[in-house]
Every structure is written in C-alpha cells, then in structure tokens.
Amino acid sequence: MTKRVICVVLSLVVLGAVGFLSLPGLCSLVAGLGLWMGSWKYLRVALHTIKRDLMCLLVIRRVKYSMNRNLQNKSTIPALFAEKVMQHPDKPALVYEATGEVWSFKELQKKCHAVAHWALEQGWVEGDVVALYMENRPLVVALWLGLAMTGVESAFINYNLRQDSLLHCVRESGARAMVFGAEMTEAVSEVIESLQSSIVLFCSGEEENKEKLCGPKAQNLDFLLHRSPTHPPHYKLRKEFNDKLFYIYTSGTTGMPKAAIVVHSRYFRIAAFGYHSFGLCPNDVLYNCLPLYHSAGTIMGAGQCLLFGLTVVIRRKFSASRFWDDCVKHNCTAIQYIGEICRYLLAQPVRPSEAHHQVRVAIGNGLRPSVWEEFVHRFRIPKVGEFYGATECNCSLINIDGKVGACGFSSRILPNFYPIRLVRVREDRKELLRDSQGLCIPCQPGEPGMIVGRIIDGDPLRRFDGYADQDSTGQKIAHNVFQMGDSAYVSGDVLEMDECGYMYFKDRSGDTFRWRGENVSTTEVEGVLSGLLGHSDVAVYGVSVPGVEGKAGMAAIAHTGGTLDLDAFWIAVKKSLPSYARPIFLRLMPSVDTTGTFKIQKTRLQREGYKPQESSEMIYYLNNHAGRYKALTEELYKDIMDGKTSL
C-alpha cells in the first residue's frame, strides 16, 4: 500500500515539475492527500486515473503554451499556415476525391492569394462578411482562408438549408456577398428576389449549371479567380489571435440557426487538441467526408492540414459504399466520423477494402457504446479518438485513453485544473437547480446533469466568444455557478459521470434533438410545418427508435376537419426542410396540449411516442421506399420496435 501512495505523491510532484501546479498549490494538494488516506474508494480512483490525467494535462500544457506564444506573437491562422508552406511547399495539402485533383501547400497558398486579391478588388475591408454556400471541395478552404488574409470573415451556410432558413442565415451574418456552388443554383434562385439588393452574388462550378444565374444576377467567380494574381497581396492584416476569423452556424436550443463566432485562437485550440490528444503526426493522411460548414470538417479536419502539415482528402459527400475504397486508394491513416457514419459503415456488406486499409485512428463524436466495439473489431481500428464539444463551447472533453462509450472525462483528483462541471437541472424544464447559497449544485457520479464551463476571458482555453446575435450569447451564460460572482457557459447537454470521472453523453436539452448527425431545432421545424398547414398548432419533438442513433423527428398536428393530403404535404415538406429535419412520424390529433400562455407542451407527447393511439387520432410514418407517409398499424409498430422495419 505504501508503494502506491508514494507513486501518487511522485505523480503530483511531476505535475509541479512540469509547471502544472505552483509550489503552494502542490503543497496544498499533497497535504489534501492525507485526507484521502481514510477513504480507500478515492485512493483507488486516484491510482486508476493518474496516468490518464497526466496524459491529458500534458496535452493541455502543450496546447496552452502554443496558444500563449501565438497570442504574444499576434499570430493568425493565415500566418501559421504560411509557416507550413515554408516547411514543405511541394507536399500534398488537399486531395479532392471527386476529381483526383491534388493541391500542394504552395498551390493552396497561391489559390488563397488569388482569393485575397479578389477580395481587395471588391473593396471589402476587415470585418466585412462573405457567405459561403457550397458543397465540399478544396475551393471552400481556399475561399475562407484567402478572405481571412484580408480580414474578411466567412459565414459557412449549411448547404441543406432552403428558403426561410437560408435567408435567415445570410441575413444574420450581415454578409455583403454570397458565394454559392453551381449545384446550389436552384436553391439560390428560390430566394434571390428576397436577398438584400446590397448582397453581391458569385457562382462557382460547372458552366452549364451556373448559366441561369451568372451574368446580371451572379458573377462568374472561377473567371475572376483565374485572372487574379497569385503572389502575396500587399496588405498588412490588422487582426490578431483573438480576433474574428469566421462564423459557423449551430442549432441552438430554440429558433433558427445561430451564427457562432470563431476567432483565430479558437480555431487553433480545436485543431491543436485533436492533433495532440489522438497522436496525429505530419505524415498522416486524413480522410474527411464531413461537411465543411461544420467545425468538425473545417476545423478539426482541414485544420490538421493548415496548422500541422497533414494531407487531407476531401470528399464531396459521405458515401458508405466508397468509404474504405477511398481510404485504400489515398493511403489514409486517419479518418473522421460522427456516430451515424460508423453505423452506416457497419450496415454495409463486407468488402475487401475494409481489411486492407492503413487507418490507425478514427476521430469524431457520437459513437455509441453498442456500436463502438463492433466498429473497432470489424474494421480493425487501433485507436478511437472520441470527443465532446460544440463550435462555441468552452467545456470540450476528450477521451484520451479510448474508454469505450465515454466522450471524455473530468479529473477526480484535479477537478479545478480544467473547470468544467455537471450540475443538477430540473428534468422537465432543464433549469439549473441552486442550493441555499444560490450556487449550482454539482452532480455526484451516476447522476445525470448539464455540463457547464467557467468563463475566464483572459484564458484562451476558457473564453466564450458567443454568437453574432448578442441576445443569443446572453442566453448561454449563467452566473454564480462555481462560486459567487463568476460566469459560466451553459451547454444545454446532459451527460453522466462515473466514479472515475469518465463522461457519457445522455441527451440534448431544450428544443433540439439530433438526427442523422445534425442538430434539429424543433422551433424552426414547427414554424415551417405550421405555415404549410395554414398555421395549425404543431408540436415537434424527437423520439427514440430502437437500434438507431439520435432521435427521429415526430410532429403532432392539430387537425380537426377535412382530409389532410399527406402526399401534397410530403412534397411541400421536402421543398421546405433539409432531409434530416423532415419528420419521420406524424400524429394527427384534435388538439395539441398548450399552457395558459399558449406554449406547446410536449412532455406527454414525447412519453407516448409513436405507439398507435385511440381512434380519434392517427399516426403515420415516413416510408422512404414508397416516398410517402403511411398509416402506422400495431403490426408495423411492433416491427419497428423489433428492428424488422428500418427507418
């Protein structure tokens, strides 16, 4: 027993030696260890987790040191990328799987310079915004990075959005211009008359597809960039490490998508944690099939190229049937995933390429415990780098030691070094509960709670940059959380911690649910469906489906008279909502539960789910094979619950 205690003390001394703890802090911690001697349970936890905690603290130390250095040097992402170009100008930077096109680091830089010259020619200045609305391609990286060289900020628009949602995102960003891919021509044509006259349109892509909008309504970006100089622009960037880089939209707890502010230091932090936590190296080739409008694709993915010199293979859209063939073809050693991707891959028939790839690490989030082990075993993945986080949050987690099912951890022996916490919430309203002193109540191991992170403006790891909309920013901040007078970011996500500090994702609170790897705002979908149905009361919520990731969308519709033409309704839904936001189940009922102030209540509806109800109500499900909604019978319900009918 004495030897183990000595090992723990020595580990703590190591923390002091590497600079994690000051001398007074180290002394108080070692003294506090004496209090642990009377508790075998806590001592066992310390012995079990000390190696994991030290590994993570070393990563934090490395990232924090780099960030402080960049802060002192007033570095920016374009400047850091330029350093990588100097190191290996001819090394492949981006590979476009769709065409086989390869851009070296020098070629990527030249593309960025052309974009920077184009931006200056347009008369844009630092702080101006350009919306990007296009599917994955290397040009997306060149566009935002080239714009950043002149201080112009990009706004990444989800290419699944249409009509009102699309207009909202463009307007919220305050964009002066929008660049769209030729593949988005039809979607742009639907809103072109509603766009502000001050917004200039640019189109990039196949000539035959963009002729409709090029000319008087949209300029040919490819032509403009082709004639643009590729030498460095004669412009001195005034922005620094903590200044705005771009906006990424995230579905909040309510309403339309919100434009989260990403500063240069946040971009570096996310990419650096991925690089150092999961053992990546410059010689790795990363396969990225995630959307570049998401932080996972454009920061955790493309950031490995720009900041650490990896080669990144970009796929236009995810393909389960081509995934491993692509990895073999491009000699990929690392892949990115979301939980849904892993399940889709497991559903594919066995093919030779899945046993001949060179992938050694998979990085992502949302990998369920029931899928995790099967995924690792079948596809022979030596390491899974699971993490938890959101574009704007300051309470990200990393699963650094591959604990199955965990999305990260919080140290039980050094809980204040990385100040995050699970706090109790009122289950029905997801409201933070307070103790007699007005502080939030920490959760005990095994008790679900909402994850929060203390905000420290002067610490690049603890700052919260918020959203373009200040009201939305304020809604994510709580006060008097850890101690009186402090502030904390409230994630809205419910997690659970075990006795060793491992965290397990449970649910997204508020008015969102996750389906097909996307966050769905129930408020937004309710507004669209209500409009399609003549402003009827509509309640949208997520329901669990056995064996399926996330929650499927269900809409309870107040429908009292006449016959609802479900075929026409489905056509309208497809036109108005992205695929992941379209309800899988419909419930037609005489009225939807509301409060005295006419707010829709969903508790009973969520509890009852999609089980067939009384005769006055009808439940339908989306039969994708038939392309229409069909009545859900008791037999079909049983087949869904037994996994015999797939959604």
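Heads up: the structure comes first, above all this text.
This one's a predicted model, so the numbers in the text were calculated from it and none came from an experiment.

Colleague: Requested: an account of the overall build of the protein chain, with residues and values cited.
Modeller: On a plain count of helices and strands, the protein chain comes out with 20 helices and 30 strands. Looking at the 647 residues of the protein chain, the share that counts as buried comes to 56%. Excluding contacts between residues fewer than 6 apart, the proportion of contacts in the protein chain whose partners are at least 24 apart in sequence is 69%. For the protein chain, the exposed area adds up to about 27500 Å²; of that, 51% sits on carbon and sulfur atoms.

Colleague: Can you break down the packing of helix α4 (residues 77–87) against helix α12 (residues 295–308) residue by residue, with the values?
Modeller: Helix packing for two helices is described by the angle between their axes and how far apart those axes are. At a minimum axis separation of 7 Å, α4 and α12 run at an interaxial angle of 60°. Listed contacts from α12 to I77, L80, F81 and K84 of α4 are L306, L307 and F308. Residue classes in the contact of α4 with α12 are distributed as six nonpolar, no polar and one charged.

Colleague: Could you give an account of the sheet that holds strand β30 (residues 628–631), naming the residues involved and the relevant values?
Modeller: Read from one edge to the other, the open sheet built from five strands follows the order β26-β27-β28-β29-β30, with strand pairing classed as mixed. This sheet does not close on itself; its edge strands, each paired only once, are β26 (538–543) and β30. Each strand of the sheet is rotated relative to its neighbour by a mean of 25°, with strand direction disregarded. In this fold helix α17 (residues 522–532) packs onto β26 and β27 (552–558), with an angle of close to 135° to the strand it touches most, β26.

Colleague: Let's hear about the environment of A302: which residues, and what values?
Modeller: Secondary-structure assignment places A302 in helix α12. On the basis of relative accessible area, A302 is assigned to the buried category, the value being 2%. Residues A302 and V313, 11 residues apart in the sequence, show an inter-C-alpha distance of 9.1 Å.

Colleague: Tell me about unusual backbone geometry, and please be specific about residues and values.
Modeller: For R380, which is not glycine, the phi dihedral falls at a positive 55°. Structurally, R380 is set in the loop between α15 (369–379) and β14 (383–388). Notably, N480 is not glycine yet its phi reads approximately 55°, a positive angle. In this structure, N480 sits in the loop between β21 (477–479) and β22 (487–497).

Colleague: Let's hear about the packing of aromatic side chains: which residues, and what values?
Modeller: Inspection of the entire model under this criterion finds 25 aromatic pairs. For the pair F246 and Y267, a centre-to-centre distance of 5.9 Å together with 80° between the ring planes defines the contact as edge-to-face. Of this pair, F246 sits in strand β8 (residues 244–250) while Y267 is found in helix α11 (residues 264–277), placing the two residues 21 residues apart along the sequence. Each member of the pair F246 and Y267 is classed as buried. Ring geometry for F318 versus Y344: centroids 6.1 Å apart, planes at 25°, classification stacked. Taken as a pair, F318 in the loop between β11 (311–314) and α13 (323–329) and Y344 in helix α14 (residues 339–347) lie far apart in primary sequence, 26 residues in all. Residue class for Y344 comes out partly exposed when judged on its relative accessible area of 25%. Following the ring pairs from residue to residue traces out a cluster consisting of Y287, F318, F323, W324, Y344, F375 and F379. Lying across the ring of Y502, R52 places its NZ or CZ 4.6 Å from the centre. Sitting over the ring of Y467, K258 keeps its end group 4.4 Å from the ring centre.

Colleague: Now, about α11: what can you tell me, with residues and values included?
Modeller: Under the 1.5 Å per step criterion, the end-to-end length of α11 is 20 Å for 14 residues, consistent within 8% with the ideal 20 Å. Burial analysis of α11 places 13 of its 14 residues in the buried class, the great majority of the element. Once α11 ends, the next one or two residues include G279, with phi positive near 70°.

Colleague: Quick one: what's the story with the sheet that holds strand β3 (residues 129–133), residue by residue and with numbers?
Modeller: Strand order in the open sheet made by the seven strands is β7-β6-β5-β3-β4-β8-β9, with mixed pairing throughout. Every other strand in the sheet has two partners, leaving β7 (219–220) and β9 (258–263) as the edge strands with one partner each. Summarising the sheet, strand β5 (residues 177–181) and strand β6 (residues 200–204) pair through five bridges and their orientation is parallel. Within β6, the position partnered with G181 by the bridge is S204.

Colleague: Give me the pattern of salt bridges: which residues, what numbers.
Modeller: For the structure on display, the rule yields 29 salt bridges. The partner of R424 in a salt bridge is E447, with the nearest N and O atoms 2.7 Å apart. With a gap of 23 residues between them, R424 in the loop between β17 (420–423) and β18 (425–426) and E447 in the loop between β19 (431–432) and β20 (449–454) connect regions that are remote in the sequence. Linked through salt bridges whose partners overlap, the residues forming this network are E97, R315, R322, D325 and D326.

Colleague: Now, about the pairing of β3: what can you tell me, with residues and values included?
Modeller: Regular strands place their side chains on alternate faces of the sheet. The element β3 is largely enclosed, with a buried count of five among its five residues. Relative to strand β4 (residues 153–156), β3 runs parallel, the two being bridged by four bridges. Note on β4: the bridge partner recorded for V130 is S154. Each parallel crossover has a hand, and the one from β3 via helix α6 (residues 138–148) to β4 is right-handed.

Colleague: Explain the side chain of K84 to me, and be specific about the residues and the numbers.
Modeller: Considering the arrangement of structural elements, one finds K84 in helix α4. For K84, which is buried and forms no salt bridge, the nearest opposite charge comes from E83, at a distance of 6.6 Å. In this structure K84 touches F105, L306, L307, F308 and G309, once residues within four positions along its chain are discounted.

Colleague: Lay out the pairing of β14 with the relevant residues and their values.
Modeller: In terms of burial, β14 is a largely internal element, five of the six residues being buried. As paired elements, strand β13 (residues 361–365) and β14 share four bridges and run parallel to each other. Of the residues in β14, the one forming a bridge with G364 is E386. Running through α15, the crossover from β13 to the neighbouring parallel element β14 is right-handed.

Colleague: Explain helix α18 (residues 566–576) residue by residue, including any values.
Modeller: L566, F569, W570, V573 and S576 are the residues of α18 that are buried. Looking straight down α18, one finds its buried side chains confined to an arc of 135°; they lie on one side. On its buried side, α18 packs onto α7 (163–173), α17, β27, β28 (585–589), β29 (618–623) and β30. One side-chain oxygen of the residue at the start of α18 lies 3.2 Å from the amide nitrogen of D567, identifying that residue as D565.

Reading the values: rules and limits
Residues numbered from 1 in each chain as written. Predicted model: local features only at pLDDT ≥ 70, side-chain atom pairs only at ≥ 80, totals over all residues. Heavy atoms only, no water. Helix = DSSP H or I, 4+ residues; strand = E, 2+ residues; numbered from the N terminus. Buried < 20%, exposed > 50% of the residue type's maximum accessible area, 1.4 Å probe, protein only. Contact = heavy atoms within 4.5 Å. Areas by Shrake-Rupley, 256 points an atom, 1.4 Å probe, with all protein chains shown as cover. Axes fitted to C-alpha atoms, helices over the stretch in contact; angles between N-to-C directions. Nonpolar A, V, L, I, M, F, W, Y, C, P; charged D, E, K, R; others polar. Pairing = 2+ DSSP bridges. Phe/Tyr/Trp six-rings, centres within 6.5 Å; stacked < 30°, edge-to-face > 60°. Lys NZ or Arg CZ within 6 Å of the ring centre and 35° of its normal. Expected span 1.5 Å × (residues − 1). Salt bridge = Lys/Arg side-chain N within 4 Å of Asp/Glu carboxyl O. Right-handed = clockwise from strand over helix to strand, strands pointing away. Lys, Arg positive; Asp, Glu negative; His and termini not counted. Arc of directions from axis to C-beta. Polar contact = N/O pair within 3.5 Å; in protein donor to acceptor, adjacent residues only side chain to side chain.

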